[in-house]
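Below are the chains, spelled out letter by letter.
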Amino acid sequence: MPADLILIAYDGSENAKRAVRYAGRFLASCRAVVVTAWEPMVRQAARMSGLSGVMQPEWVPDEETEDVALTDAKVINAEGLELARSVGLDAEGRTLEVVSAVWTAIVEAADELNVDIIVSGTRGTTGLRSLLQSSVADHVLRHSHRPVLIVPPGR
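*Asks:* I'm lost on the overall build of the protein in this one. Help?
*Replies:* Counting its regular elements, the protein contains 6 helices and 5 strands. Counting from the amino terminus, the protein carries its helices and strands in the arrangement β-α-β-α-α-β-α-β-α-α-β. For the protein, the proportion of its 155 residues judged to be buried stands at 37%. Accessible surface computed for the protein: about 9,400 Å², of which carbon and sulfur atoms make up 54%.

*Asks:* Which parts of the structure should I look at to understand the packing of helix H1 (residues 14-26) against helix H3 (residues 68-86)?
*Replies:* At a minimum axis separation of 9 Å, H1 and H3 run at an interaxial angle of 30 degrees. Our classification of the angle between H1 and H3 gives roughly parallel. H3 is crossed by H1, and the crossing has right-handed handedness. For the pair formed by H1 and H3, the contact residues are Lys17, Val20 and Arg21 on the first element and Glu79, Leu83 and Ala84 on the second. Residue classes in the contact of H1 with H3 are distributed as 3 nonpolar, no polar and 3 charged.

*Asks:* I would appreciate a short explanation of unusual backbone geometry in the present structure.
*Replies:* A negative phi angle characterises most non-glycine residues, just as the trans form characterises most peptide bonds. Within the chain, asparagine 114 stands out as a residue other than glycine whose phi angle is a positive 55 degrees. Here asparagine 114 lies in the loop between helix H4 (102-113) and strand S4 (117-121).

Criteria and thresholds
Residues numbered from 1 in each chain as written. Predicted model: local features only at pLDDT ≥ 70, side-chain atom pairs only at ≥ 80, totals over all residues. Heavy atoms only, no water. Helix = DSSP H or I, 4+ residues; strand = E, 2+ residues; numbered from the N terminus. Buried < 20%, exposed > 50% of the residue type's maximum accessible area, 1.4 Å probe, protein only. Areas by Shrake-Rupley, 256 points an atom, 1.4 Å probe, with all protein chains shown as cover. Axes fitted to C-alpha atoms, helices over the stretch in contact; angles between N-to-C directions. Parallel < 35°, antiparallel > 145°, perpendicular 65-115°, else oblique. Left-handed = near helix turned anticlockwise from the far one by under 90°. Contact = heavy atoms within 4.5 Å. Nonpolar A, V, L, I, M, F, W, Y, C, P; charged D, E, K, R; others polar.

Shape descriptors only; they carry no functional weight alone.
Written out as structure tokens, the structure reads:
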């Protein structure tokens, strides 16, 4: 049974590229949405200064200049969209602004779009590292009420 709509989480990594290729190979789909989540530089700076204990620089974004994180996300998303189309998916691209966590943005987008399945790559960590670093894919799997295809890294 083909899916009507799939959501592919794409961050430009080799693992994300592999996930797109698997989606094209195994999911006969009417449509796909390739999403790239991004966090505004102001929030990134605030989070990093909070973690490091260093004061955040007084930086206010220019309203007339696009956030560099959004600019990067658009480039990454365009690459993912091109890859999805090259493997036979009828795809469109979308960038998602992260308000709290990347996985939350993905799950909320999947709900908003009412997708049939979410596709994501993963770093494939195991052991102690996997306990210390929970992946976006792991959170999507645990918090989404939709089927999730997680593609592990290649060998």
